[in-house]
Amino acid sequence: MKNFKLLICFLIVCMLVTACRVAPQEEPPEEDRRGEIPALEDMILSSEHWKDEYPLIYQSFLMTSRLKDDTVEDSSLGGLHPIDYLKKYPNISVLYDGIGFSKEYFAARGHYYSLDDVINTARPKPGASCLACKTGDYEYLHTKYGDELFNMDFVTTVQEVNNPISCYSCHRNDPGKNVQVTKPQLQVALEKLDFEPKSGSLSCAQCHVEYYLHPETREVILPWDNGLGVDEIEVYFDDINHFDWKHPRTGTPLIKVQHPEFEMYLGSLHDNLGLGCTDCHMPVVEENGESYRSHWAKSPLKTVNESCGRCHGDDGEAVIAWVEEIQKEIDAKQAEVSDLIVQLINEFSDLVEQRALDEETVEQLWNLHRKAQYRWDFVFVENSTGFHNPSLARRVLEDAKNYAEEALEILANARNAN
Ligand code: HEC
Ligand code: HEC
Ligand code: HEC
Ligand code: HEC
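Residues numbered from 1 in each chain as written. Chains lettered and ligands numbered in written order. Predicted model: local features only at pLDDT ≥ 70, side-chain atom pairs only at ≥ 80, totals over all residues. Heavy atoms only, no water.

Taking an unreviewed UniProt entry as the reference, the chain is identified by name as nitrite reductase (cytochrome; ammonia-forming) belonging to Serpentinicella alkaliphila. Heading Sequence similarities (unreviewed entry) of the UniProt record for the chain holds this comment: "Belongs to the cytochrome c-552 family." (UniProt positions renumbered as here; feature names shortened; annotations may be inferred.)

Right, dumping it as structure tokens:
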């Protein structure tokens, strides 16, 4: 009898464990994920084309247009619209001094607005390669013009573009089949990886990644040669002496991080459980008895039951509160670190102005400033405010803090010596 009870217990545990485990995702064969590029005249670029065949998916995709310009929602979370980061984080006008982000920096909006927002931003657009992540028509342009496209004038090229991110961006002409990679930068970068990304993350990795533009060709490049970790990406940039700009007050050659959601998420607890981006951001939902994959890419907290419920239970409020707790902690930590880097910039530039530093000390300070700011930026611009990988975000900010403090110590010594 006792054994029987134990057996029942064991079976219950087994069931719980299985329920919480994610079904292993079928990896599409390699040819599939690159797919075949249709002839120019055959490309189905407009999402509207699919509205009758996949009405529910199409309608859910249009939901990415929600939150119009003047709407501000749940302001304590990461997903606000549109927040002006310059008002919310005054430090960034010092940290990003010398680049467009110190002049204008709004929070991201839904995919529906991707084209409008890149056309309307006051930040400079170095070339047509900026369209890579903003339109489903990019492969059309790339097929037509080849790599010349990257360096073509943004304003003239955008005249040929009709669609924001569209079904074509992730499916080419075959929605309903495996996701296909349509962006040249990811096609190239996948060759550098020694693992196969989950299919639920692959389509997002086309755009939600760190990248830089080749200084001459303007090609979009994902800096993955040494791996996708924060430190490995830095080594890549150091090896090629890359900097995105020099800080106008200190002369530091700095790296501007973009939106490394994919890199930050890799190796996280949820990643290790087998979840891909779509499991949380585009969960399968039910409407009038019909279930389909929502294509409303948005904060998963808006579908907390569908996105998280199967593992975390039906107390959605508790899950949201848990996320917010992590985000508040990371936000406070990034604020603390950004204060230190601002102090570093102010003290450093004072001594530069007074010509009180020798060449070697300047080099040393440049190095520490670059390392600290790159790490702070990595966490700051990653759009989940630390949620995707809290332990990594904490470590990276801690490293940033240490580098900044080391620089401040050198500055204090230099002031005392004068
Ligand atoms: C375990 C669930 C989960 C997974 C998997 C996941 N995310 Fe998230 N993501 C979240 C949560 C929670 C937030 C915070 C939402 C908020 O603050 O409202 C978030 C925030 C974001 C945001 C900002 C959203 C906004 O409204 O501003 C983006 C962009 C994003 N994630 C992209 C990705 C990408 C790309 C991947 C895959 C590499 C991914 N996420 C994987 C849960 C997840
Ligand atoms: C940002 C990328 C992206 C865009 C844009 C996109 N999809 Fe998808 N779609 C996916 C992913 C990811 C899946 C899940 C399949 C997988 O993981 O391989 C999917 C699945 C599907 C499926 C299979 C149904 C299912 O339940 O999995 C259909 C049908 C589909 N999409 C249609 C469309 C249509 C129609 C559009 C345009 C209105 C569209 N998709 C736009 C990424 C995208
Ligand atoms: C073709 C490039 C591209 C692909 C592919 C892509 N995104 Fe995006 N995503 C963007 C851009 C650009 C924005 C910001 C749009 C804006 O602000 O106008 C964005 C914004 C978002 C946001 C913020 C939306 C909001 O309302 O705050 C989320 C969440 C998101 N993407 C999730 C995903 C997920 C999940 C995938 C994969 C299924 C994905 N994206 C694939 C380019 C892309
Ligand atoms: C496949 C199951 C699964 C799904 C789906 C899932 N989680 Fe989790 N999550 C876990 C497990 C397992 C843990 C670790 C055990 C624990 O702490 O409860 C965890 C941990 C967490 C943590 C603590 C993380 C930390 O590092 O401190 C948060 C917060 C969280 N999940 C939020 C979410 C949210 C929000 C969603 C939906 C957007 C979600 N989870 C979806 C299984 C899941």
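Helices and strands together make up the secondary structure of the chain, namely 19 helices and 6 strands. Within the chain, the fraction of its 418 residues that count as buried is 49%. At a minimum sequence separation of 6, the contacts of the chain that also span at least 24 residues come to 70%. Put simply, the chain shows about 21,200 Å² of open surface, and 53% of that area lies on carbon and sulfur atoms. (Helix = DSSP H or I, 4+ residues; strand = E, 2+ residues; numbered from the N terminus. Buried < 20%, exposed > 50% of the residue type's maximum accessible area, 1.4 Å probe, protein only. Contact = heavy atoms within 4.5 Å. Areas by Shrake-Rupley, 256 points an atom, 1.4 Å probe, with all protein chains shown as cover.)

Near ligand 1 lie 21 residues; those nearest to it are Cys277, Cys280, His281, Ser299 and His388. One of the side-chain N or O atoms of glutamine 327 is found 2.9 Å from an oxygen atom in ligand 1. Contact distances for ligand 1 include 2.8 Å between a nitrogen atom and a side-chain N or O atom of histidine 388. Among the secondary structure elements, those contributing two or more residues to the shell around ligand 1 are helix 13 (261-265) and helix 15 (277-281). The class makeup of the residues in the shell around ligand 1 is 9 nonpolar, 11 polar and 1 charged. (Near = heavy atom within 4 Å. Polar contact = N/O pair within 3.5 Å; in protein donor to acceptor, adjacent residues only side chain to side chain. Nonpolar A, V, L, I, M, F, W, Y, C, P; charged D, E, K, R; others polar.)

This part is about the coordination of the iron atom of ligand 1. For the iron atom of ligand 1, the protein coordination sphere consists of His281 (NE2) and His388 (NE2), at 1.9 to 2.0 Å. Its 6 donor atoms give the iron atom of ligand 1 angles of 87 to 179 degrees at the centre, a pattern that matches the octahedral case. With a gap of 107 residues between them, histidine 281 in helix 15 and histidine 388 in the loop between helix 18 (359-381) and helix 19 (390-417) connect regions that are remote in the sequence. (Donors = N, O, S within 2.8 Å, 3.2 Å for Na, K, Ca; no water. Tetrahedral: all angles 85-135°; square planar, octahedral: opposite > 155°, others 65-115°.)

What follows deals with the pairing of strand 6 (residues 290-293). The side chains of a regular strand alternate between both faces of the sheet. In this sheet, strand 6 lies alongside strand 5 (residues 284-287) in antiparallel orientation, the contact comprising 4 bridges. Paired with valine 284 across the two strands is arginine 293, which belongs to strand 6. Counting the residues that bridge the hairpin from strand 5 to strand 6 gives 2 residues, and of these asparagine 288 lies at a positive phi of roughly 45 degrees. (Pairing = 2+ DSSP bridges.)

So, on to the site of ligand 2. Of all residues adjacent to ligand 2, which total 17 residues, the nearest are Ser166, Cys167, Cys170, His171 and His295. Histidine 171 has a polar side-chain atom sitting 2.7 Å from a nitrogen atom of ligand 2. The separation between an oxygen atom of ligand 2 and a polar side-chain atom of serine 199 is 3.4 Å. Residue assignment for the shell around ligand 2 shows that the elements contributing at least two residues are helix 3 (55-62) and helix 9 (167-171). Of all the elements, helix 9 adds the most residues to the shell around ligand 2, at 3 residues. When grouped by side-chain class, the residues that make up the shell around ligand 2 number 9 nonpolar, 7 polar and 1 charged.

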